[in-house]
Amino acid sequence: MAPDKYAPTQQESCTAPGSNRSWLSRRHKNQPQWNALGSVSFILISGGMSLAWGAGFAVHSAHLMTFHMEVSWYAAATLGAIIGALCTHRLPQQPVYIICSCLVLISGILFLVCHEHPEAIITARYLDGLANGLVFVPAMSTVGEISVCDMRGLLAATVEQLSCNTGILMQLLYTAVWQVDWNVTIAADQVHGVLSIVYGLVALALASTLCVESPVSLLLRANEQQAVAALRHLQRPYMVTSETLLQLDEHKHYVATNRGMSLWQSIRMGLPPLLKLLAHRSLNALCLTLVVWSALYETAVQVATHYHAWPYVIFGVMRWSGCFCVLFLMDSTGRKKPTLFGCFSCGSFALAFATLFGRTPHMKAALGLLFSLQFFAGLGQTASAVYLTEAFPLAIKPHYVAIVYVMELLLRFIFCSFAPSPAAIVAYFYVLGGLSMAFFFLGIFCLPETRLTTLTEAQQKFSKWFNKDF
């Protein structure tokens with residue numbers, strides 16, 4: 001399809017009136033975009049807790065961890081992702097977010113009230129997994145459509161990566177409390193329930209009051225007036241301005257460009273980014289599995305013989321800090337440099353850890369390497385959330401997002417049944433290090449830099465097999 005001569009250029013759309021203001025001023029102006037996805041953030045925080053729970057950080061639980069209990073969350077999240085892919089851009093988002101918030105709330109109630117019953121815990125994990133899978137695909141498909149381009153990286157990374165890592169950190173923090181046998185009357189599984197209830201209630205309140213539909217979804221349903229109203233509610237002041245109309249033109253161009261492609265063209269154009277993101281997100285999954293927990297436990301018990309709690313806390317803090325420290329670079333330094341630096345560092349520390357693991361005189365160094373690995377895992381994966389919302393053609397975007405998410409879940413699922421020996425842990429980290437290094441070298445030539453680009457331009461960059469821009 002020939003380019004629309006009236007379509008906004010990158011320079012026009014990403015340097016719209018007022019975009020030279022300070023970061024705080026722009027954040028205040030675009031705060032409604034954060035509010036619109038606030039419910040998603042709290043649902044994904046709950047999901048982060050469940051991810052860590054299934055990866056082994058549930059030794060505080062009153063129940064013997066069974067295979068069914070571990071995999072229930074992943075199975076339900078997979079089903080939710082498939083349903084979410086079918087609903088995205090076809091149904092309004094607000095009812096979906098409200099339903100998911102209620103599922104998290106019910107899951108928390110089951111953890112709180114029925115914490116002594118394994119069947120209730122399994123049911124609660126099914127419900128939380130379904131909520132997370134159901135919300136993940138529409139949220140990551142539309143976050144780039146809701147955000148302005150000079151805040152898209154920060155918003156997408158915060159909603160998905162920071163939220164998930166916050167959930168992991170919360171799980172590890174209260175795990176640490178019960179690791180040291182504090183004299184408390186509330187059971188650890190009940191703490192999990194209380195936190196899930198809080199997340200569910202806050203998500204429900206935000207979804208009911210502040211959720212705004214994606215303007216692109218409305219344009220796909222030929223509701224231009226509603227799209228204008230949505231754009232008006234996504235920026236302060238809540239009125240139609242020249243910037244609003246410029247964003248509307250950009251979205252209309254994005255929709256027209258994608259409608260001009262056949263389904264086969266969309267599938268073919270989405271194949272390069274699909275393979276790149278499958279590789280990227282697979283590394284994310286491999287950095288937090290039952291094997292990684294086993295490595296942490298085996299290393300920590302030899303270093304901290306009397307107080308086992310602090311390694312869990314540092315592990316979670318390091319992962320969260322790695323993500324947080326690059327959030328604000330997504331729209332300035334860009335996505336590619338932090339990703340490559342994080343993957344290279346993660347690979348280096350994984351190989352170093354594999355070399356030292358099991359050598360008793362060097363276990364302190366090995367523990368430090370494992371902490372560093374988690375820091376750079378958080379750092380290197382932050383941009384993957386941004387790439388998910390930018391990479392795929394509109395017609396197949398939710399389906400490809402679902403494929404990437406399901407593959408990530410499948411990898412976690414596989415390692416649930418894996419009881420690693422010390423030799424297997426060493427082999428695992430050698431493989432993780434090798435894959436991270438391979439992704440680093442391929443990423444230099446294949447990953448695009450998409451900061452300050454429109455969704456149309458980012459999509460075109462991703463459609464190429466090779467991108468050497470930085």
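All chains use their own residue numbering, which begins from 1 and follows the written sequence. Confidence filtering applies because this is a predicted model: local features only for residues at pLDDT of at least 70, side-chain atom pairs given and counted only at 80 or more, and all residues used for totals across whole chains, interfaces and linings. Only hydrogens and water are set aside when side-chain values are computed; all heavy atoms of the structure are taken into account.

A. Spatial organisation of the packing of aromatic side chains. Here the aromatic set is Phe, Tyr and Trp, taking the six-membered ring for Trp, and pairing holds for ring centres within 6.5 Å; pairs whose planes are under 30 degrees apart are stacked, those over 60 apart are edge-to-face, and all others are tilted. Counted by the stated rule, this structure contains 21 aromatic pairs. Their ring planes at 90 degrees and their centres at 5.8 Å tell us that Phe57 and Tyr312 sit as a pair that is edge-to-face. With a gap of 255 residues between them, Phe57 in the loop between helix H4 (38-54) and helix H5 (67-87) and Tyr312 in helix H15 (residues 309-327) connect regions that are remote in the sequence. Relative accessible area serves as the criterion here: at 0%, Phe57 is assigned to the buried category. An angle of 90 degrees between the planes, with centres 5.1 Å apart, marks the rings of Phe375 and Phe376 as edge-to-face. Only protein chains enter the accessibility calculation, which uses a 1.4 Å probe; a residue is then buried when its area is under 20% of its type maximum, exposed when over 50%, and partly exposed in between. Judged by its relative accessible area of 19%, Phe375 falls in the buried class. In this description a helix means any DSSP run of H or I spanning at least four residues, a strand means any run of E spanning at least two, and both kinds are numbered starting from the N terminus.

B. A look at the pattern of salt bridges. A side-chain nitrogen of Lys or Arg and a carboxyl oxygen of Asp or Glu constitute a salt bridge if their distance falls within 4 Å. Going through the model one piece at a time under the given rule, you end up with eleven salt bridges. Here Arg152 ties to Glu390 by a salt bridge, and the two come within 2.9 Å at their closest N and O atoms. Remark: Glu390 occurs in helix H17 (residues 363-390) and Arg152 occurs in helix H8 (residues 152-179); sequence separation between them is 238 residues. For the residue pair Arg152 and Glu390, the accessibility class agrees, reading buried in each case.

C. Inspection of the nonpolar core at higher detail. Ranked by size, the top nonpolar core spans 122 residues in total, and within it Phe57, Tyr97, Phe315, Phe353, Phe392 and Phe429 carry the most contacts. Top element by residues in this core is H17. It accounts for 16 residues. By size, the runner-up hydrophobic cluster in this structure holds 14 residues, among which are Met69, Ile122, Leu195 and Tyr199. For this analysis, a nonpolar core means a set of buried residues of the types Ala, Val, Leu, Ile, Met, Phe, Trp, Tyr and Cys, connected via side-chain atoms within 4.5 Å.

D. Geometry of the environment of Gly347. Relative to the helices and strands, Gly347 is located in helix H16 (residues 336-356). The class of Gly347 is buried, set by a relative accessible area of 0%. Sequence spacing of Gly347 and Phe376 is 29 residues, and the spatial spacing of their C-alpha atoms is 9.1 Å. Two residues qualify as a contact provided that any one of their heavy atoms is within 4.5 Å of a heavy atom in the partner residue. Ignoring anything within four residues of it in the chain, the contact list for Gly347 reads Gly433, Ser436 and Met437.

E. Inspection of the packing of helix H6 (residues 93-113) against helix H7 (residues 118-146) at higher detail. The geometry of H6 relative to H7 is characterised by a closest axis approach of 8 Å and an angle of 155 degrees between their N-to-C directions. Here H6 lies roughly antiparallel to H7, going by the angle between them. The element H6 and its partner H7 pack so that their crossing is left-handed. Following the grouping adopted for this structure description, the nonpolar residues are Ala, Val, Leu, Ile, Met, Phe, Trp, Tyr, Cys and Pro, the charged ones are Asp, Glu, Lys and Arg, and the polar ones are all others, Gly among them. Across the contact of H6 with H7, the residue classes break down as 18 nonpolar, four polar and two charged. For helices, the axis comes from a line fit to the C-alpha atoms of the stretch in contact; other axes are also lines fit to C-alpha atoms, and the angle between any two N-to-C directions lies between 0 and 180 degrees. The scheme is simple: roughly parallel for angles under 35 degrees, roughly antiparallel for over 145, roughly perpendicular for 65 to 115, oblique for anything else. The sense of a crossing depends on the near helix, which, turned anticlockwise from the far helix by less than a right angle, makes the crossing left-handed and, turned clockwise, makes it right-handed.

F. Spotlight on helix H11 (residues 224-233). Inspection of H11 places Ala227, Val228, Ala230 and Leu231 among the buried residues, and these make up the whole buried set. Buried residues of H11, viewed axially, fall in a sector of 160 degrees; they line one side. Against the buried residues of H11 lie helix H10 (215-220) and helix H12 (242-259). This arc is taken over the directions from the axis of the helix to the C-beta atoms.

G. Just the packing of H4 against H7, in detail. At a closest axis distance of 9 Å, the pairing of H4 and H7 adopts a crossing angle of 130 degrees. The pairing of H4 with H7 is recorded here as oblique in orientation. The two elements H4 and H7 meet at a crossing, and its hand is left-handed. Facing H4, whose interface residues are Val40, Ile43, Leu44, Ser46, Gly47, Ser50, Trp53 and Gly54, H7 presents Ile121, Arg125, Asp128, Ala131, Asn132, Val135, Phe136 and Ala139. For the contact of H4 with H7, the per-class residue count stands at nine nonpolar, five polar and two charged.

H. Summary view of the confidence of the model for the protein. On average, residues of the protein carry a pLDDT of 87, and 91% of them reach 70 or more. pLDDT: the predictor's confidence for each residue, scored from 0 to 100. Scored below 50 in pLDDT, residues 15-19 makes nine contacts in the model with residues more than four places away or belonging to other chains.

I. Quick look at the side chain of Ser345. The residue Ser345 is located in helix H16 in this model. Using a relative accessible area of 8% as the deciding quantity, one classes Ser345 as buried.

J. Representation of the side chain of Lys397 within the structure. Among the secondary structure elements, Lys397 is positioned in helix H18 (residues 397-416). Residue Lys397 is classed as buried on the basis of its relative accessible area of 0%. Non-local contacts of Lys397, meaning those with residues more than four positions away in its chain, are made with Ser141, Glu145, Tyr254, Thr389 and Phe392.

K. Structural detail: unusual backbone geometry. Residues Arg236 and Pro237 are joined by a peptide bond in cis, for which omega reads -10 degrees. Tracing the backbone shows Pro237 in the loop between H11 and H12. Of note in this structure, His89 is not a glycine but carries a positive phi near 70 degrees. Tracing the backbone shows His89 in the loop between H5 and H6. Taking relative accessible area as the criterion, His89 reaches 11% and is therefore assigned buried. Backbone geometry at Ala222 places phi at a positive 60 degrees, although glycine is not the residue there. Structurally, Ala222 is set in the loop between H10 and H11. Here Ala222 falls in the exposed class, since its relative accessible area comes to 66%.

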